[in-house]
Amino acid sequence: MRWATQLVQFEAAPGDPLAPAVTPLYQTATFRQPTATGGGAYDYSRSGNPTREVLERQLARLEGGCQAFAFASGMAAIDATLSLVPAGGAIVACSDLYGGTFRYLQQIAPSRGVGVTFADTTDPRRLDAVLGALTSDGPVMVLIETPSNPEMRITDLRAAAEIAHAHGAWLAVDNSLMSPYLQRPLALGADLVIHSATKFLNGHGQLTAGAVIARSPELAERVAWFQNAAGSALGPFDCWLLLSGLKTLALRMDRQQETARHIARVLDGREEVTTVYYPGLDSHPGADLHRRQADGPGSVLTVRMATPALGRQLVQASRLFANAVSFGSVSSTIELPGRMSHAPMADGDVAAGDALVRLSIGIEDVYDLEADLLAALCQAEIVV
Ligand SMILES: *Cc1c(COP(=O)(O)O)cnc(C)c1O
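Below is a short write-up of the structure. Just so it is clear, the structure is predicted and the values come from calculations on it, not from any experiment.

**Digging into the pairing of strand S3 (residues 115-119)**
On a regular strand, one side chain projects to one face of the sheet and the next to the other, so that they alternate.
Inference 1: In this structure, strand S2 (residues 90-94) lies alongside S3, joined through five bridges in parallel fashion. Within S3, the residue paired with Val92 across the bridge is Thr117.
Inference 2: Viewed along the sheet, the connection from S2 through helix H4 (residues 99-111) into S3 turns out right-handed.

**Let's talk about the sheet that holds strand S6 (residues 192-196)**
Inference 1: Strand order in the open sheet made by the seven strands is S1-S7-S6-S5-S4-S2-S3, with mixed pairing throughout. Each edge of the open sheet carries a strand with a single partner, namely strand S1 (67-71) and S3. The average angle at which neighbouring strand axes cross in this sheet is 20 degrees, direction not considered.
Inference 2: The strands touched by helix H3 (residues 74-82) within the sheet are S1, S2, strand S4 (140-145), strand S5 (170-174), S6 and strand S7 (210-214), with S6 carrying the most contacts at an inclination of about 160 degrees.

**As for the site of the ligand**
Inference 1: Near the ligand there are 14 residues, and of these Gly74, Asp174, Ser196, Thr198 and Lys199 occur at the shortest range.
Inference 2: Between an oxygen atom of the ligand and a main-chain N or O atom of Gly74, the distance comes to 2.8 Å.
Inference 3: Contact distances for the ligand include 2.6 Å between a nitrogen atom and a side-chain N or O atom of Asp174.
Inference 4: Protein contact buries 91% of the 380 Å² of open area that the ligand shows by itself.
Inference 5: Among the elements that make up the shell around the ligand, the one with the highest residue count is H3 (three residues).
Inference 6: For the shell around the ligand, the per-class residue count stands at five nonpolar, six polar and three charged.

**Observations concerning the sheet that holds strand S8 (residues 273-277)**
Inference 1: Taken in spatial order, the five strands line up as S8-S9-S12-S11-S10 in an open sheet, and their pairing is mixed. Strand pairing shows two members of the sheet lacking a second neighbour, S8 and strand S10 (322-323), which therefore form its edges.
Inference 2: Here S10 pairs with strand S11 (residues 333-335) via two bridges, running parallel. Paired with Asn323 across the strands is Ile334, a residue of S11.

**As for the packing of helix H2 (residues 50-63) against helix H9 (residues 236-246)**
Inference 1: At a closest axis distance of 8 Å, the pairing of H2 and H9 adopts a crossing angle of 40 degrees. Judged by the angle between their axes, H2 and H9 are oblique. Relative to H9, the crossing made by H2 is left-handed. Residues Thr51, Arg52, Val54, Leu55, Gln58, Leu59 and Leu62 of H2 lie in contact with H9, whose contacting residues are Pro236, Cys239, Trp240, Leu242, Leu243 and Leu246.
Inference 2: Partitioning the contact of H2 with H9 into residue classes produces ten nonpolar, two polar and one charged.

**Description of the nonpolar core**
Inference 1: In this structure, Leu55, Val142, Leu171, Leu192 and Leu249 are the most contacted members of the largest nonpolar core, which totals 87 residues.
Inference 2: If we skip the residues at most four places from it in the chain, Leu171 touches Val142, Ile144, Leu157, Ala160, Ala161, Ala164, Ala190, Asp191 and Leu192.
Inference 3: Counting 25 residues, the second largest nonpolar core, distinct from the first, contains Ala260, Val273, Leu310 and Ala317.

**Notes on the packing of H3 against H4**
Inference 1: As a packed pair, H3 and H4 sit with axes 10 Å apart at the nearest point and diverge in direction by 40 degrees. As summarised for this structure, H3 and H4 are arranged oblique, according to the angle between their axes. Once H3 is placed against H4, the crossing between them reads as right-handed. Contacts from Met75, Ile78, Asp79 and Leu82 of H3 reach H4 at Gly100, Thr101, Tyr104 and Leu105.
Inference 2: When the residues that make up the contact of H3 with H4 are grouped by side-chain class, the tally is five nonpolar, two polar and one charged.

Basis of the calculations
- Residues numbered from 1 in each chain as written.
- Predicted model: local features only at pLDDT ≥ 70, side-chain atom pairs only at ≥ 80, totals over all residues.
- Heavy atoms only, no water.
- Pairing = 2+ DSSP bridges.
- Helix = DSSP H or I, 4+ residues; strand = E, 2+ residues; numbered from the N terminus.
- Right-handed = clockwise from strand over helix to strand, strands pointing away.
- Axes fitted to C-alpha atoms, helices over the stretch in contact; angles between N-to-C directions.
- Contact = heavy atoms within 4.5 Å.
- Near = heavy atom within 4 Å.
- Polar contact = N/O pair within 3.5 Å; in protein donor to acceptor, adjacent residues only side chain to side chain.
- Areas by Shrake-Rupley, 256 points an atom, 1.4 Å probe, with all protein chains shown as cover.
- Nonpolar A, V, L, I, M, F, W, Y, C, P; charged D, E, K, R; others polar.
- Parallel < 35°, antiparallel > 145°, perpendicular 65-115°, else oblique.
- Left-handed = near helix turned anticlockwise from the far one by under 90°.
- Core = buried A, V, L, I, M, F, W, Y, C linked by side-chain atoms within 4.5 Å.
- Buried < 20%, exposed > 50% of the residue type's maximum accessible area, 1.4 Å probe, protein only.

This is the structure we're talking about:
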């Protein structure tokens, strides 16, 4: 089956004798057991719920993993993944990554006795050197985002997996920016894929959710244990909403990406803009590598404006782009990463970072979006 088909053709309600065409919402905490000693297919929704199970099966199928797990947020999914590394172990993370992940790595992981090193993983030799120099005697995990966020740096997934495995480490990839429709890290050698399902997988900005997809049954078993033990699984209603949003993933992403390519070219030609970070532009340093490992550049782009004041103005003066964190929704958003999504990474002069603006392109009409941004740029000189 090809993508568009796979997204809507799946078993909606396994084992349900009424054969509903759409997955029902099993909004229940607990399940009656057939005998005093148990024996039901489900017992308690923290441990397992039919709506969640359909979602998890579908996510595993889309990412090509053996099992998937839905969590209450992307951060809960990251927590579940990084908890595979116990005290004494180490995490090597790419240096340009989501602000919340950075905060976790800076504050939570070390408090659990896990060593954290940041490395520029876009250079495979650097990753090799950092892993070679580690003195950890516990498990090691490499955590990367590609394209990274906000600067859209590209890491070679195949090379990273080979290097990680050569050092006995696991490779976990945060695939939120691409979704499985555009990039499937497990097929390139990764061991675990993480999603903030709040973004493209839901696609409608209605909920926060996360997912972990494991390649091997051995890793899946550990994530399953954590999901139940820590109690951070996604609730049935949010699973149900997410299942609904997921069905239009291909339609949404095709349209959003097509518009993003156009907006990237428009902004690239403006004198107020110094750099457009978008792997769909040939000028992007990682464009070729990205094309080899992904099926498209996606619909999130970051621009560096000529001045911080211009960045603030673009965000404030645009009307159709909501000034909001997050990305991947059907409606367009714009933000200053240094003030919002990446605020935990800010050090020193926050205002100087305002030149960096991140845009997430929705499904609105391309020319309305273009006109809105151009109008916002024109106001810039007057209002700042
Ligand atoms: C948003 C995001 C997260 C965190 O996800 P939440 O659903 O907000 O908890 C993690 N990684 C990336 C790349 C993100 O964009």
